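What follows is the residue order along each chain.
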Amino acid sequence: MSDAKYFQRGKIQELRAELNSDKKDKQHTKKKTVLKKIVANMTMGNDMSSLFPDVISCMQIPVLEIKKMVYLYLINYSRTKPDMAVMAIPTFVKDAEDHNPLIRALAIRTMGYINVDKVVDALIEPLRHGLRDKDPYVRKTAAITVAKLYMHDRILVEGDGFIDMLRDMLADSNTTVVANAVAALTEISERSENIQLKLNMTIANKLVAALNESSEWGQAYILEALMSYVPQEMGDAEMLSERIAPRLQHANSSVVLTAVKVIIYLLNYMTKEDDINSMCRKLSPPLVTLLSSGPEVQYVALRNILLIIQRRPEVLRKDMKVFFCKYNDPIYVKLAKLEIMFRLANATNVDQVLSELKEYATEVDVDFVRKAVRSIGRLAVKIEQTADRCIAALLELIQTKVNYVVQEAIVVIKDIFRKYPNQYERIIGTLCENLDNLDEPEAKAAMIWIIGQYADRIENSDELLDDFLYTFLDEPVEVQLALLTATVKLFIKRPTAGKDLVPKVLKWATEDVDNPDLRDRGYIYWRLLSTDPAAAKAVVLSEKPRISTETDNMEPGLLDELLLHISSLSSIYHKSPQTFIHHSKPRFLSPSPVLNRRYPGLSSLQHQELDDGPSRNTLGLENNPYALDTHKLQEEQNIPDLLLEF
């Protein structure tokens, strides 16, 4: 029979009367029914706390189902009635010594949830016995209870030797116990300021051996703990990676991504290029397989892949086609795939990519089309030999006269002009035909930059700028700055054409606007032009550095940190966990004789920065004179580091 009938608002008096009924009930059926009603009302948000003494009286009934409901009730209301929760302590202690391991474990687990000082004090001895219990179910429950107890009283857990007992449980014969002990130690080390989990090769090998017999979540916990192992000798990382590699074929996506994280981490401690390439090839199939899952799992995989290919581009170099968008992909999946397609594009596959992007640019989804058009422009900047084809594709798109397509195309063409000066100016006339379609600040600013940059080649550049200047005071700052600079360029290149526009713009910029950036730039231009026109020409028309797609790359230190957080929220947000999780511990590559700081795709300067900076620098804090040096602070205050070295 369905339990839905219990989810009806019950009266306290009636429920109390039923609980205290003297009618014969050998099987305790009526008690079960009443307790189900109470739990159902509690679940619906109805206040059942006044029944506390009556429910506690049911703890003596030696029926597991009844005990579960009573314990659930106690967990829910012990915070509001801590004095009455103490009444349950004798029964808790008695149940912790019951012959049934399920009841023993239930008692220990429930006491761990009740954050009342006297209950916590009463939990110490049952918990100590539970960690050494003959039944693995009790031991695994006790291990997790230690982590819960640590959240309530850290000093108690550290002082009573529970950390050492958890450490000993890593050698337990039962893999579930090992997994729970690992989970507890990992949780404690994450929350503690002076406890750090470190594994040696012996324990790391034991944990890997336990993977085969562990549940899927046990495997995820064990793999996560292996991130605390730092290889010290050549061959250690290679051997451990080979033993972890079978987890890449697991059906659970969490296990797969966590295994990928551990292997990516261990690649930093491999010294032979052949071993690194071989392991990278093994990472490709499982990541591709994740893309056949549901859209949510796909998105998580794609965000993690985007991090991986920035550090290890060889991982998915030959799998471009799997990132081509499908018609039924959600927009967030499509946008993530577009970014990866751009990252993986090279001279050998660029024709395929460009063909796909042109197809995407004719879709109906505006955001997707914008991203596709922008990707075509970025592709031209990234791969010089395909620039002609990208320009041709952009011109085709401009001819469609679709407003948002035209504007995106103009924005990226500005970048192409900067990358390849004096090569594609022939298309300026086509761009000028679409001035009436510009209504977005970024597109307007891009077109104004083009007019100013090539003012000497556009015959009516003064007229075009004058048209834009009609609405100068109403434009966003981005457009106003572009207009100011473009007008000054026009005056320097064609003094006769710009002599009427410059005074007007400078007056607006210095007297009629409130933005300090615009006002300051106006004053600088005014003084340069009035005191030293030659200097003004040298400054305004100076040769600009060519742009590069390398500016899209993530800062190496941050990327290092995020790769240590694969399969977490941090790898989805692409933000350090310290930015959104209070008191989160930073992760970094620990020093080792075999630590390899050479990565493909990094310039020699970037390698030098990584080599010069301490390995703990994951956020670039060393370059910030105002950053708080927590390590130095720790040394000054003599705060001890309690390391869990196993």
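Conventions used here
- Residues numbered from 1 in each chain as written.
- Predicted model: local features only at pLDDT ≥ 70, side-chain atom pairs only at ≥ 80, totals over all residues.
- Heavy atoms only, no water.
- Helix = DSSP H or I, 4+ residues; strand = E, 2+ residues; numbered from the N terminus.
- Buried < 20%, exposed > 50% of the residue type's maximum accessible area, 1.4 Å probe, protein only.
- Contact = heavy atoms within 4.5 Å.
- Areas by Shrake-Rupley, 256 points an atom, 1.4 Å probe, with all protein chains shown as cover.
- Patch = residues over 30% accessible without salt bridge, like charges linked within 9 Å, V, L, I, M, F, W, Y side chains within 5 Å.
- Salt bridge = Lys/Arg side-chain N within 4 Å of Asp/Glu carboxyl O.
- Expected span 1.5 Å × (residues − 1).
- Lys, Arg positive; Asp, Glu negative; His and termini not counted.
- Polar contact = N/O pair within 3.5 Å; in protein donor to acceptor, adjacent residues only side chain to side chain.
- pLDDT = per-residue confidence, 0-100.
- Phe/Tyr/Trp six-rings, centres within 6.5 Å; stacked < 30°, edge-to-face > 60°.
- Lys NZ or Arg CZ within 6 Å of the ring centre and 35° of its normal.
- Axes fitted to C-alpha atoms, helices over the stretch in contact; angles between N-to-C directions.
- Left-handed = near helix turned anticlockwise from the far one by under 90°.
- Nonpolar A, V, L, I, M, F, W, Y, C, P; charged D, E, K, R; others polar.

A short note on the overall build of the protein
Consideration 1: Across its full length, the protein carries 35 helices and two strands.
Consideration 2: Out of the 646 residues in the protein, the part that is buried amounts to 51%.
Consideration 3: When contacts within the protein are restricted to residue pairs at least 6 apart in sequence, those whose partners lie at least 24 apart make up 68%.
Consideration 4: A total accessible area of about 31,400 Å² is found for the protein, and carbon and sulfur atoms account for 50% of it.

Some points on a nonpolar patch on the surface
Consideration 1: A cluster of nonpolar residues, Leu 569, Tyr 573, Phe 580 and Ile 581, forms a patch on the protein surface that exposes about 360 Å² of accessible area.
Consideration 2: Looking at where Tyr 573 falls in the secondary structure, it is placed in helix H33 (residues 569–573).
Consideration 3: Overall, Tyr 573 belongs to the partly exposed group, its relative accessible area being 44%.

Focus: helix H2 (residues 29–44)
Consideration 1: Given a rise of 1.5 Å per residue, 16 residues ought to cover 22 Å, and the 23 Å separating the end C-alpha atoms of H2 matches this to within 8%.
Consideration 2: Those residues of H2 lying buried are Lys 31, Val 34, Leu 35, Ile 38, Val 39, Ala 40, Asn 41 and Met 42.
Consideration 3: If you follow the buried residues of H2, they end up packed against helix H1 (12–19), helix H3 (52–56) and helix H4 (64–77).

Topic: the side chain of Arg 247
Consideration 1: With respect to the helices, strands and loops of the structure, Arg 247 is situated in the loop between helix H15 (236–244) and helix H16 (253–267).
Consideration 2: Within the buried core, Arg 247 has no salt-bridge partner, and the shortest N-O distance to an opposite charge, that of Glu 216, equals 10.0 Å.
Consideration 3: In this structure the side chain of Arg 247 is engaged in a polar contact, spanning 3.1 Å, whose partner is the side chain of Gln 219.
Consideration 4: Among residues more than four places away in sequence, those in contact with Arg 247 are Leu 211, Asn 212, Gln 219, Leu 223, Val 255, Val 256 and Ala 259.

Quick notes on the pattern of salt bridges
Consideration 1: For the coordinates displayed, the defined rule picks out 29 salt bridges.
Consideration 2: For Asp 133, the salt bridge goes to Arg 104, with nearest N and O atoms at 2.9 Å. Note that Asp 133 is positioned in the loop between helix H8 (117–131) and helix H9 (136–152) and Arg 104 in helix H7 (residues 101–113), a separation of 29 residues in sequence. No difference in accessibility class separates Asp 133 from Arg 104, as the two residues are buried.
Consideration 3: One continuous salt-bridge network, built from bridges that share partners, spans Arg 370, Arg 374, Glu 408, Glu 440 and Glu 442.

A few points about unusual backbone geometry
Consideration 1: The phi dihedral of Lys 401 falls on the positive side, at around 65°, and the residue is not glycine.
Consideration 2: Counting through the fold element by element, Lys 401 comes out in the loop between helix H22 (387–399) and helix H23 (403–419).
Consideration 3: The phi dihedral of Ser 567 is positive, around 70°, even though this residue is not glycine.
Consideration 4: The topology assignment puts Ser 567 in the loop between helix H32 (556–563) and H33.

Digging into the confidence of the model for the protein
Consideration 1: Across the protein, the average pLDDT comes to 85, with 90% of residues at or above 70.
Consideration 2: Below pLDDT 50 for its whole length, residues 613–646 participates in 47 contacts with residues either more than four positions away or in separate chains.

Notes on the packing of aromatic side chains
Aromatic rings in a pair are described by how distant their centres are and how their planes are angled relative to each other.
Consideration 1: This model, assessed by the stated rule, comprises nine aromatic pairs.
Consideration 2: The interplanar angle of 40° and the centroid separation of 5.1 Å between the aromatic rings of Tyr 360 and Phe 368 together place this pair among those described as tilted.
Consideration 3: The ring centre of Phe 162 lies 5.2 Å from the NZ or CZ of Arg 128, which sits over that ring.

Comments concerning the side chain of Gln 219
Consideration 1: Looking at the element boundaries, Gln 219 is found in helix H14 (residues 216–225).
Consideration 2: By relative accessible area, Gln 219 is classed as buried at 3%.
Consideration 3: Among the polar contacts made by the side chain of Gln 219, one reaches the main-chain carbonyl oxygen of Ser 214 at a distance of 3.2 Å.
Consideration 4: Setting aside chain neighbours within four positions, we find Gln 219 in contact with Leu 211, Ser 214, Arg 247, His 250 and Val 255.

What about the environment of Lys 94?
Consideration 1: Among the structural elements, Lys 94 can be located in helix H6 (residues 89–95).
Consideration 2: Taking the relative accessible area as the measure of exposure, Lys 94 reaches 55% and is therefore exposed.
Consideration 3: For the pair formed by Lys 94 and Pro 126, sequence separation is 32 residues and the distance between their alpha carbons is 9.5 Å.

A few points about the packing of H8 against H9
Consideration 1: The N-to-C vectors of H8 and H9 enclose an angle of 145°; their axes lie 10 Å apart at closest approach. By crossing handedness, the relation of H8 to H9 is classed as left-handed. Seen from H8, the contacting residues are Asp 117, Val 120, Leu 123, Ile 124, Leu 127, Gly 130 and Leu 131; seen from H9, they are Val 138, Arg 139, Ala 142, Ala 143, Thr 145, Val 146, Leu 149 and His 152.
Consideration 2: Among the residues forming the contact of H8 with H9, the class breakdown is 10 nonpolar, three polar and two charged.

Focus: the environment of Leu 528
Consideration 1: Looking at where Leu 528 falls in the secondary structure, it is placed in helix H30 (residues 516–531).
Consideration 2: Look at Leu 528 and you get buried, because its relative accessible area is 19%.
Consideration 3: Spatially, the C-alpha atoms of Leu 528 and Val 539 are 9.0 Å apart, while their sequence positions differ by 11 residues.
Consideration 4: For Leu 528, the contacting residues outside a window of four places in its chain are Pro 533, Ala 535, Ala 536 and Val 539.

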